[in-house]
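Reading the structure
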There are 4 protein chains.
Amino acid sequence: MSITLEQAQAAVQAAHQKSIEMGVKMNIAVVDAGANLTAFIRMDDAWLGSLDISIKKAKTARFFDMPTGAIGGLSQPGGSLYNIEHSNGGLITFPGGIPIKDAQGKVIGAIGVSGSTVEDDHAVAEAGVQALAGR
Amino acid sequence: MSITLEQAQAAVQAAHQKSIEMGVKMNIAVVDAGANLTAFIRMDDAWLGSLDISIKKAKTARFFDMPTGAIGGLSQPGGSLYNIEHSNGGLITFPGGIPIKDAQGKVIGAIGVSGSTVEDDHAVAEAGVQALAGR
Amino acid sequence: MSITLEQAQAAVQAAHQKSIEMGVKMNIAVVDAGANLTAFIRMDDAWLGSLDISIKKAKTARFFDMPTGAIGGLSQPGGSLYNIEHSNGGLITFPGGIPIKDAQGKVIGAIGVSGSTVEDDHAVAEAGVQALAGR
Amino acid sequence: MSITLEQAQAAVQAAHQKSIEMGVKMNIAVVDAGANLTAFIRMDDAWLGSLDISIKKAKTARFFDMPTGAIGGLSQPGGSLYNIEHSNGGLITFPGGIPIKDAQGKVIGAIGVSGSTVEDDHAVAEAGVQALAGR
């Protein structure tokens, strides 16, 4: 099973709404179970450089089925996955990417957010994930 | 001036609605005046290979401010722009990409559609453009 | 549903056996429903340049759910999909790539073969597909 | 001399068997003396992101004729090969890639494994190497 467009748009919309509430300008990307882009928006005046980062965060979260920040904790100098970022055409391993699971806990896609601090990015991504909880 | 997210989403929504009416499964991308992705959706079960093509069509239409098919007419063997597709990380020059203009005729972005015949792709892209006419 | 490793290996083995019978040296690649490489072999002394081509053929067949040669028929100069090969990191659109379907006709992956004439490549790919027929 | 397909498949099969015994889902790649992919499998439900990593580990081990982890020890900040990962289209320098040698100790290829912890990845790669010892 993979995320549907309807689910992906619901996640994007919730993350967009959260961004407006927080007063931040985000790029928001959702990928499906195959790590392929399914829905994306870039808010007006969001950082241009965050476009690619948001998509790479979503892909990274699906590539390894864990939040991007968890990978970043292992890819530091001396860590077991040092410089894993060089794989797959470039990973982003700081917070802002989170897997999306179905009711049975199976990963069906992921969301990636970029445009503010990593804490803000993660909070907005989390709002996208929560929008699908219980569906 | 560049297309706003609100405008881009209106174009995507109109193109999506047109796709449903036509019974086709499309990838739909809108880029802004800087040729940067602004809004994107991939319909359930749309061709995987059309994801990249839809984005390249939108970018190509904005890169040269003309419909992608018009460029394709010039890039044929013997044509004045032969193999221009090798530039810019890969262009797509068959129909399905159309510039989006403001009320004064200035290009503010472009839409790219891929997932069916080039005639269908162009018709869906045109529906997206029309959604913004008069705004 | 996506092809399993067991199915992918059965397809590769059948294609390998066919290659031996034909006296050709092939690169044989199978991708899953997400167009991700699932099984691959390169026969001793097969053309080095055919490695990448076999993988691109398998991906291309899955990207558009049709034999690669069918796309090549449309991507010729003057054709409706002229130069589509510039998308998706490079497509290969001559024969040798074929989608793999389940018993219900749904595409679950694809096989790509390269190393001889396109007629030979296609025949070997077809042997791989047939190995899964009725399973 | 380079690894034969028969040898590469024996290494992959042994690594696959070891993965099953360990209860891990791996991507397993073998490259030849020219660092070209010779045999590859991806186990069902293995991490998508590990596909590319397994191939890069095998290539990296052959590029420098040493286990990938040994290179990672030198590529840390302040190390003599700091950020060598930027070369060759992306290296992976944490454990899981091991050179394969013939009876005379000459490197004839390499195996790369990814899908679990780096300790597990290395153990599975080692099982692949051992399958060819004494041949």
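Attention in this report is confined to the structure presented alongside it. Just so we're clear, the structure is a prediction, and the values are computed from it rather than from any experiment. (Residues numbered from 1 in each chain as written. Chains lettered and ligands numbered in written order. Predicted model: local features only at pLDDT ≥ 70, side-chain atom pairs only at ≥ 80, totals over all residues. Heavy atoms only, no water.)

Bringing the interface of chain A and chain D into the picture now. Tallying the contact residues gives 19 residues for chain A and 21 residues for chain D. Here chain A meets chain D over a buried area of about 1,400 Å², counting both sides, of which 62% is carbon and sulfur. Of all residues in chain A, F64, Y82 and H86 of chain A give up the largest surface area on contact with chain D, accounting jointly for 40% of the area buried on that side. For the pair chain A and chain D, the interface holds 0 salt bridges. (Contact = heavy atoms within 4.5 Å. Buried area = accessible area lost by both parts, 1.4 Å probe. Salt bridge = Lys/Arg side-chain N within 4 Å of Asp/Glu carboxyl O.)

On the chain C side, the residues contacting the 21 residues of chain B number 19 residues. Both sides together, the interface formed by chain B and chain C hides about 1,400 Å², and carbon and sulfur atoms give 62% of it. Of all residues in chain B, W47, L48 and F94 of chain B bury the most surface against chain C, accounting for 35% of the area lost on that side. Scanning the region where chain B abuts chain C turns up 0 salt bridges. The element contributing the most residues to the side of chain B that touches chain C is helix 2 (residues 49-64) of chain B, with 5 residues. In terms of residue class, the side of chain B that touches chain C is built from 9 nonpolar, 8 polar and 4 charged. (Helix = DSSP H or I, 4+ residues; strand = E, 2+ residues; numbered from the N terminus. Nonpolar A, V, L, I, M, F, W, Y, C, P; charged D, E, K, R; others polar.)

Turning next to the environment of K59 of chain A. Inspection of the secondary structure assignment puts K59 of chain A in helix 2 (residues 49-64). Separated by 31 residues in the primary sequence, K59 of chain A and G90 of chain A have C-alpha atoms spaced 9.8 Å apart.

Right, let's get into the relation of the copies chain A and chain D. For these two chains of identical sequence, chain A goes onto chain D by a turn of 94° and a shift of 0.0 Å along the axis, with RMSD 0.1 Å. Accordingly, the operation relating the two chain copies is best matched by a four-fold axis. Scanning chain A for the C-alpha nearest the rotation axis identifies P77 of chain A, at a separation of 4.3 Å. (Least-squares fit on C-alpha atoms with pLDDT ≥ 70 in both.)

On to helix 1 (residues 5-22) of chain B, then. Taking 1.5 Å per residue, 18 residues should reach 26 Å; helix 1 of chain B reaches 25 Å between its end C-alpha atoms and fits that length. L5, Q7, A8, A11, V12, A15, H16 and S19 of chain B are the residues of helix 1 of chain B that are buried. On its buried side, helix 1 of chain B packs onto helix 1 (5-22) and strand 2 (37-42) of chain A together with strand 1 (27-32), strand 2 (37-42), strand 4 (107-114) and helix 4 (118-130) of chain B. G23 of chain B, located one to two residues past helix 1 of chain B, shows a positive phi value of around 75°. (Expected span 1.5 Å × (residues − 1). Buried < 20%, exposed > 50% of the residue type's maximum accessible area, 1.4 Å probe, protein only.)

With that settled, the discussion passes to the side chain of E85 of chain B. Structurally, E85 of chain B can be placed in the loop between helix 3 (68-72) and strand 3 (97-101). Those residues within four positions of E85 of chain B in sequence are excluded, and the remaining contacts are S75, G90, L91 and T93 of chain B together with Y82, N83 and H86 of chain C.

With that out of the way, let us pick up the sheet that holds strand 4 (residues 107-114) of chain A. Here 8 strands make up an open sheet; going across it, the order is 3(A)-4(A)-1(A)-2(A)-2(B)-1(B)-4(B)-3(B) and the pairing antiparallel. In this open sheet, the two strands that pair with only one neighbour each are strand 3 (97-101) of chain A together with strand 3 of chain B. Taken pair by pair, the neighbouring strands of this sheet meet at an average axis angle of 15°, ignoring direction. Packing against the sheet, helix 2 of chain A makes contact with strand 1 (27-32), strand 2, strand 3 and strand 4 of chain A together with strand 2 of chain B, and its axis sits at approximately 150° to strand 4 of chain A. (Pairing = 2+ DSSP bridges. Axes fitted to C-alpha atoms, helices over the stretch in contact; angles between N-to-C directions.)

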